[in-house]
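The lines below spell out each chain.
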Amino acid sequence: MIQIFAEWWRPFLYSDGMRASGLVVTLWLLAASIALGFCAAVPLACARVSRNRWLSTPVRLYTYVFRGTPLYVQLLLLYTGMYSLEFVRTQSLLEAFFKSGFNCAILAFALNTCAYTTEIFAGAIRGIAHGEVEAARAYGMSTFTMYRRIILPSALRRALPLYSNEVILMLHATTVAFTATVPDILKVARDANSATYQSFESFGIAALLYVAISFALVAAFRRAERRWLAYLRPAGAVRAVRH
Amino acid sequence: MILYGFGPLLWAGAKETLALAVLSLAVSVLLGLAGASAKLSRHAPLRAVATAYTTLIRSVPDLVLMLLLFYSIQIAINNVTDAFGWSQFDIDPFTAGVLTLGFIYGAYFTETFRGAFLAVPRGQLEAGSAYGMSGMRVFGRILFPQMMRFALPGIGNNWQVLVKATALVSIIGLADVVKAAQDAGKSTFNMFFFILIAALIYLAITSASNLVLMALERRYSIGVRHAEL
């Protein structure tokens, strides 16, 4: 394993000589899709819990479809499927976008994680104490102000434990990116495997890298929870935690 | 015909996917029960092995594990057959797929079952032994039926994730529904349509399992009073 890592550490970590590869690409895929998914999920979650059927039903349908089908199939649909369509290939803008496996991977990942994140946030919004909403109404807040000042700050915090789970699952899901020719960690491991025939060692290095990222994410989220969920801890425990 | 004559191929692929999912579920439930018992055991080495299993497997992506195990199982078997001077024994991709998926999801089921075992009040198990029931009988009559009540939501979740993970086996060369859709799409130049069909098949499977899980949850929550809000 050390021998393969000594030979392949550069592509595994940041570059295969021509372009970025390995760890850097995996982290970029993760960060881009999580950021896009988060930004879309907040308004979608508000729509999901809305009493207006015209708002909530389309969102519900979207999350149902994207949570009910495998991410790999979604990626295939966007990458191989879209490019096989006549009108995509003839329109230069669409052609340029769907030609790149990287774009398709980020789009598929963002759509997928957004569906899960929407449901997580919607659950957290529904779980808000109704007294808080009544108090906000009594202060004369508009719905928008109430969401901005009261509901979202509380819901996003309480969603943290589930959200951290989703981020780690998303890290694991980025491994299908190599099927769209994106040179992530797994792609490098496959290259190392086909060059050396040392399967256990090549994929073992990839596995260790993923374990390291997972543990780093878990540690980061634990810190975030300690900071933003401090108000949910029993009163005596707060002082005991060092900041 | 609407599927350009690829209907039977897709149907065979869908059956392969379902068979793979169901068999891996069986393997992973067995592993999960064993793992949960090991995690709750009095023997420290057993606990350590089970903890290492769940922590490691759950922090490595399933696709990486699949490739790692899929290639390594064959190499390990080759090493064994070479060492004993036997003839080469090729493991077929289906068995390898079932074993790898079962091994991976066994770790997730271990955690589900561990929580569920702990949720059954100890006093009931003690009462069972006090009535003179054997360990197996306490398990079958008291622990298992009540554990299922707590474990069902987790089992349902894991099953849905497992079904979706079967889509990855086409990468290691199994003729599942995704592979069938890709082949059909390649030969008809209608990739989008056939992958959409594959997606719909998965949606049908997950929707059907949702219904079954709801029915099971009703069955196992007989006798539980829900708070009325």
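- As annotated in an unreviewed UniProt entry, chain B is Histidine ABC transporter permease from Caballeronia zhejiangensis.
- The heading Sequence similarities (unreviewed entry) in the UniProt record of chain B holds the text "Belongs to the binding-protein-dependent transport system permease family. HisMQ subfamily."

- With an unreviewed UniProt entry as reference, chain A is termed Histidine/lysine/arginine/ornithine transport system permease protein HisM, source organism Caballeronia zhejiangensis.
- Looking at chain A in UniProt, the text filed under Subunit (unreviewed entry) is "The HisPMQJ complex is composed of two ATP-binding proteins (HisP), two transmembrane proteins (HisM and HisQ) and a solute-binding protein (HisJ). The HisPMQ-ArgT complex is composed of two ATP-binding proteins (HisP), two transmembrane proteins (HisM and HisQ) and a solute-binding protein (ArgT)."
- Regarding chain A, the relevant UniProt record gives this comment under Sequence similarities (unreviewed entry): "Belongs to the binding-protein-dependent transport system permease family. HisMQ subfamily."

## Some details on the overall build of chain B
So, step 1. Scanning chain B from N- to C-terminus turns up 8 helices and 0 strands.
So, step 2. When the helices and strands of chain B are listed from N to C terminus, the series reads α-α-α-α-α-α-α-α.
So, step 3. Overall, the C-alpha framework of chain B stretches about 65 × 60 × 30 Å when taken along its three principal axes.
So, step 4. Taken across its 229 residues, chain B has 35% of its residues classed as buried.
So, step 5. Across chain B, every contact between residues at least 6 apart in sequence was considered, and the portion connecting residues at least 24 apart equals 75%.

## Regarding the overall build of chain A
So, step 1. Helices and strands together make up the secondary structure of chain A, namely 13 helices and 0 strands.
So, step 2. Along chain A, from the amino end to the carboxyl end, the secondary structure elements read α-α-α-α-α-α-α-α-α-α-α-α-α.
So, step 3. With the C-alpha coordinates aligned to their principal axes, the bounding extent of chain A is approximately 70 × 55 × 25 Å.
So, step 4. Burial analysis of chain A (243 residues in total) assigns 40% to the buried set.
So, step 5. Restricting the contact set of chain A to residue pairs at least 6 apart, pairs at least 24 apart contribute 72%.

## Structural notes on the UniProt feature "transmembrane region" (unreviewed entry) in chain B
Residues and elements named next belong to chain B.
So, step 1. Summarizing the sequence annotation, UniProt attributes the feature "transmembrane region" (unreviewed entry) to residues 18-38, 50-73, 93-110, 150-172 and 192-216 in the numbering used throughout.
So, step 2. Between the end C-alpha atoms of residues 93-110 there is a gap of 25 Å, over a span that is 100% helix and 0% strand.
So, step 3. With 100% helix and 0% strand, residues 192-216 has its two end C-alpha atoms placed 36 Å apart.

## A few points about the interface of chain B and chain A
So, step 1. The interface of chain B with chain A comprises 29 residues on the first partner and 28 residues on the second.
So, step 2. Counting residues per element, the ones that place at least two in the side of chain B that touches chain A are helix H3 (62-83) and helix H8 (191-220) of chain B.
So, step 3. The biggest single contributor to the side of chain B that touches chain A is H8(B), with 10 residues.
So, step 4. Residues that form the side of chain B that touches chain A fall into these classes: 22 nonpolar, 5 polar and 2 charged.

## A word on the UniProt feature "transmembrane region" (unreviewed entry) in chain A
Residues and elements named next belong to chain A.
So, step 1. Residues annotated by UniProt as "transmembrane region" (unreviewed entry) correspond here to residues 71-88, 162-182 and 202-221.
So, step 2. The distance from the first to the last C-alpha atom of residues 71-88 is 22 Å, and the span holds 89% helix and 0% strand.
So, step 3. A helix fraction of 100% and a strand fraction of 0% characterise residues 202-221, whose end C-alpha atoms lie 29 Å from each other.

## Regarding the UniProt feature "domain: ABC transmembrane type-1" (unreviewed entry) in chain A
So, step 1. Cross-referencing UniProt, the feature "domain: ABC transmembrane type-1" (unreviewed entry) maps to residues 23-221 of chain A in the present numbering.
So, step 2. Split by type, residues 23-221 of chain A is 84% helix and 0% strand. Its first and last C-alpha atoms lie 20 Å apart.

## Observations concerning unusual backbone geometry
So, step 1. At Thr181(A), a position not held by glycine, the phi torsion is positive, near 60°.
So, step 2. On the secondary structure map, Thr181(A) appears in the loop between helix H10 (160-173) and helix H11 (185-196).

## Notes on the UniProt feature "domain: ABC transmembrane type-1" (unreviewed entry) in chain B
So, step 1. Look at the UniProt record and you will see "domain: ABC transmembrane type-1" (unreviewed entry) annotated at residues 14-213 of chain B.
So, step 2. Helix makes up 83% of residues 14-213 of chain B and strand makes up 0%, while its end C-alpha atoms are separated by 20 Å.

## Topic: the nonpolar core
So, step 1. In terms of nonpolar packing, the biggest core is built from 118 residues, with Val73(A), Leu75(A), Ala105(A), Ala206(A), Val64(B) and Ala198(B) touching the most fellow members.
So, step 2. For this core, the element with the most residues is helix H7 (residues 101-126) of chain A, which contributes 16 residues.
So, step 3. Non-local contacts of Ala105(A), meaning those with residues more than four positions away in its chain, are made with Leu29(A), Leu75(A), Ala177(A), Ala180(A) and Val182(A).

## So, helix H6 (residues 135-165) of chain B
In an α-helix, one turn spans 3.6 residues, which is why side chains three or four residues apart end up on the same side.
All names here are of chain B.
So, step 1. Between its terminal C-alpha atoms H6 stretches only 36 Å, short of the 45 Å expected from 31 residues at 1.5 Å a residue.
So, step 2. Of all the bends in H6, the greatest, near 55°, is centred on Ala151, and the proline Pro153 appears no more than four residues after it.
So, step 3. Along H6, the residues classified as buried are Met147, Ala151, Ile155, Asn158, Trp159, Leu162, Val163, Lys164 and Ala165.

## Observations concerning the confidence of the model for chain B
So, step 1. On average, residues of chain B score 84 in pLDDT, and 97% of them reach the 70 mark or higher.
So, step 2. Two summary scores accompany this predicted model of the complex, namely pTM at 0.83 and ipTM at 0.82.

## Digging into the environment of Ala165(B)
All names here are of chain B.
So, step 1. Note that Ala165 resides in helix H6.
So, step 2. In the structure, Ala165 is positioned 102 residues away from Leu63 in sequence and 8.4 Å away in space, judged by C-alpha atoms.
So, step 3. Discounting residues that sit within four places of it in the chain, Ala165 has contacts with Asp62 and Leu101.

## Quick notes on the packing of helix H5 (residues 122-130) of chain B against H6(B)
All names here are of chain B.
So, step 1. The contact between H5 and H6 brings their axes to 10 Å, and the two run at 145°. For the element pair H5 and H6, the recorded crossing hand is right-handed. Counted together, Gln124, Leu125, Gly128 and Ser129 of H5 and Val138, Ile142 and Leu143 of H6 form the full contact between these two elements.
So, step 2. Split by residue class, the contact of H5 with H6 holds 4 nonpolar, 3 polar and no charged.

## Let's talk about the environment of Ser72(B)
So, step 1. Position of Ser72(B) among the secondary structure elements: in helix H3.
So, step 2. The exposure class of Ser72(B) is partly exposed, given the 16 C-beta atoms found within 10 Å.
So, step 3. Apart from the residues within four sequence positions on either side, Ser72(B) is in contact with Ser199(A) and Phe200(A).

## A short note on the environment of Gly123(B)
So, step 1. By secondary structure assignment, the location of Gly123(B) is in helix H5.
So, step 2. On the basis of neighbour counts, which here come to 9 C-beta atoms within 10 Å, the residue Gly123(B) falls in the exposed class.

The rules we used
- Residues numbered from 1 in each chain as written.
- Chains lettered and ligands numbered in written order.
- Predicted model: local features only at pLDDT ≥ 70, side-chain atom pairs only at ≥ 80, totals over all residues.
- UniProt positions renumbered as here; feature names shortened; annotations may be inferred.
- Helix = DSSP H or I, 4+ residues; strand = E, 2+ residues; numbered from the N terminus.
- Buried ≥ 20, exposed ≤ 12 C-beta atoms within 10 Å, placed from the backbone.
- Contact = placed C-beta atoms within 7 Å.
- Nonpolar A, V, L, I, M, F, W, Y, C, P; charged D, E, K, R; others polar.
- Core = buried A, V, L, I, M, F, W, Y, C linked by C-beta atoms within 7 Å.
- Expected span 1.5 Å × (residues − 1).
- Bend = angle between axes of the 7 residues up to and from the residue.
- pLDDT = per-residue confidence, 0-100.
- Axes fitted to C-alpha atoms, helices over the stretch in contact; angles between N-to-C directions.
- Left-handed = near helix turned anticlockwise from the far one by under 90°.

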